[in-house]
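# Fold and geometry: a report
Spelled out from the first residue to the last, the chains are:
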Amino acid sequence: MLPARSISAILGSVNDQTTSPSGRSDFIREIVAADLREGRHEAVVTRFPPEPNGYLHIGHAKSICLNFGIAREFDGRCHLRFDDTNPVKEEQEYIDAIEADVRWLGFDWGEHLYFASDYFEQLYDWACHLVKNGKAYVDDLSADEIREHRGTLTEPGRESPWRDRPAEESLDLLERMRAGEFPDGSRVLRARIDMSSGNINLRDPVLYRILHSAHPRTGDAWCIYPTYDFAHGQSDAIEGITHSICTLEFQDHRPLYDWLIENLPVPSRPRQYEFARLNLTHTVLSKRTLMRLVNDGHVRGWDDPRMPTLTGLRRRGFPAEGIRDFANAVGVAKNEGVVEVGVLEHAVRDVLNRQALRRFAVLNPLKVVIENYPEGQVEEMEAVNNPEDPSAGTRPVPFTRELWIERDDFMEEPPRKFFRLAPGREVRLRYAYFITCREVVKDGEGEIVELKCTYDPETRGGDAPDGRRVKATLHWLSTAHALNAEVRLYDHLFREPYPGSDGRDAFEDLNPESETVLHDCFIEPALAELPTGEAVQFERLGYFCPDPDSAPDAPVFNRTLTLRDTWAKLQAQGKQDKA
């Protein structure tokens, strides 16, 4: 298992990037810059080509940011093209979700929205061209027989008995395949390349297969469909793509990509370039695994806040800017690696710390009664909305005789380094007063249910005129004004950094405590109108956002992230060590 890349290593490499107009540099941007400089292309045209058979995840975000980012940096354009060549698995739901995710990330394809299905007629004509020129043939072998004939990495393949079928016969059969005469799996169209090639992808790959299945866009017009390998490069050529950027698993497919481009009368000659896909600790990005998580009920759905899908991250409160910053920070490499999930969390925290409004919430409430505060009196304390942004202003927070504080902020018998509230101890209530605990009230089972306290009216705003200091500041809420809420706390979906390593099933590493639901929490009134998905900081607790499950009288909040940023501390420690 490769060691995961940490925040210090990643941020150190970012500081050395100096090539593109944006100031970033990697081997792909260097290629693009050289192509423009040397006149190989007048303009840059990239594309993001998802298959509409699932939801996008954080790995796709890296590709989106790369393709759209390069087009933006070099004053080119990026197409959104759906490679919709498998009608069995494709749905309009996924198309709509993918478009929404790309827009949410901050990118726009303008008028350049395309589908591989737009080119089905042209692709079929090119398939006929290959047959007529002896470069393709119709094969009657079954899928299992084709697999057996393909050979292995150490043994060459065996030619199909139909490989030398006359072009006229193959062309006739191809036309009859299109007309729907044959059942699924009975015949395929294969390229005639080299069954002894060291690259298995060149051992007469399948170009067309029979699928009697309605297509989301073309309906029943077709019953044969091109494979991804056949549609991909030719779609690039039709659209005039200059740089076809893929992840490393397509590296072995590049010779086939190039062979098809060279043997077809395509209108342009795109080039394919590969980069390492994103791998994160505590995360699985396999579409098959994500589908199983949903179908087996391990999560609430594709948009569950624990899922690495973009819709899940959005529901959890991750800002698009944080994901873009993360994608830029991890950069583009040629070799596979693993990135600590803390790097993503660090990028998100950095954005939220600057942008998120501060609010009060109490998740594990304990009642405080200030005995010397006038009954029925309500004061409005002026609270800062965001200390990182003075323009965010302030808000009034109601203060009354009875308050909620966090149960964890009180200990009846505190250890030496516990500085929060305890019997006889004075603390500050943020933006309000100093209070002192005078009495602890318990129920019949010995559970603490209430604290009786006194306040110093001279400390309004949080400072004592006589200069005395306290060692702790607590957040609080008025019991008369606080709103009841459900709060969902989220942790890693997989407890192990490398789920499924050492031959285990990844599902053995699922974290049973990845979601904790808290009821009877309290939030301040200012949170009542907060839009779904907009993250705020619950002071001293973390970043949270309203969930779509919220109702007008029953708000639900998701914890986006805790406040603690281990990776920022490690980075600072690293700098100190180097000093």
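Structure shown above.
The notes below deal with the structure included here. Everything numeric in this text was worked out from a predicted model, so none of it was measured.

## Description of the sheet that holds strand β7 (residues 206–210)
- If you walk across this open sheet you meet the four strands as β5-β6-β7-β8, and the pairing is antiparallel. Each edge of the open sheet carries a strand with a single partner, namely β5 (136–139) and β8 (224–226). Sheet twist, expressed as the average angle between the axes of neighbouring strands with direction ignored, equals 20°.
- Note that β5 and strand β6 (residues 188–191) share four bridges and pair antiparallel. Among the inter-strand pairings, Ala136 is bridged to a residue of β6, identified as Ala191.

## Digging into the packing of helix α2 (residues 27–37) against helix α3 (residues 58–73)
- Where α2 contacts α3, the two axes come as close as 11 Å, and the packing angle between them is 35°. By crossing handedness, the relation of α2 to α3 is classed as right-handed. Contact residues: Ile28, Arg29 and Val32 in α2; Leu66, Ile70 and Glu73 in α3.
- Partitioning the contact of α2 with α3 into residue classes produces four nonpolar, no polar and two charged.

## Here we look at unusual backbone geometry
- Of note, the phi angle at Asp75 is positive, near 60°, even though the residue is not glycine.
- As for its position among the elements, Asp75 is in the loop between α3 and β3 (77–82).
- Located in the positive-phi region is Asp204, a residue other than glycine, with phi close to 50°.
- Looking at the secondary structure, you find Asp204 in the loop between β6 and β7.
- A relative accessible area of 2% means that Asp204 is categorised as buried.

## Let's talk about the nonpolar core
- Formed by 40 residues in total, the largest nonpolar core has its most connected members in Ile58, Ile64, Val102 and Phe326.
- Elements with a minimum of two residues in this core: α3, β3, α4 (92–104), α11 (310–316), α12 (320–330), α13 (341–355) and β26 (542–546).
- Top element by residues in this core is α3. It accounts for six residues.
- Excluding residues that lie within four positions of it along the chain, Phe326 makes contacts with Ile58, Leu278, Leu280, Val339, Val343, Leu344 and Ala347.
- If you look at the next biggest cluster of nonpolar residues, it comprises 36 residues, including Phe120, Leu173, Met177 and Tyr225.

## Let's talk about helix α7 (residues 167–179)
- Its 13 residues give α7 an end-to-end C-alpha distance of 18 Å, which sits within 8% of 18 Å, the value for a rise of 1.5 Å per residue.
- Burial in α7 covers these residues: Ser170, Leu171, Leu173, Leu174 and Met177. Seen from one end, α7 has its buried residues packed into an arc of 165°, which puts them on one side. Among the exposed residues of α7, those pointing more than 90 degrees away from its buried face are Glu168 and Ala179.
- Of the surrounding elements, those touching the buried residues of α7 are α5 (120–132), β5, β6, β7 and β8.
- Downstream of α7 by a residue or two, Gly180 has a phi angle that is positive, lying close to 90°.

The rules we used
- Residues numbered from 1 in each chain as written.
- Predicted model: local features only at pLDDT ≥ 70, side-chain atom pairs only at ≥ 80, totals over all residues.
- Heavy atoms only, no water.
- Pairing = 2+ DSSP bridges.
- Helix = DSSP H or I, 4+ residues; strand = E, 2+ residues; numbered from the N terminus.
- Axes fitted to C-alpha atoms, helices over the stretch in contact; angles between N-to-C directions.
- Left-handed = near helix turned anticlockwise from the far one by under 90°.
- Contact = heavy atoms within 4.5 Å.
- Nonpolar A, V, L, I, M, F, W, Y, C, P; charged D, E, K, R; others polar.
- Buried < 20%, exposed > 50% of the residue type's maximum accessible area, 1.4 Å probe, protein only.
- Core = buried A, V, L, I, M, F, W, Y, C linked by side-chain atoms within 4.5 Å.
- Expected span 1.5 Å × (residues − 1).
- Arc of directions from axis to C-beta.

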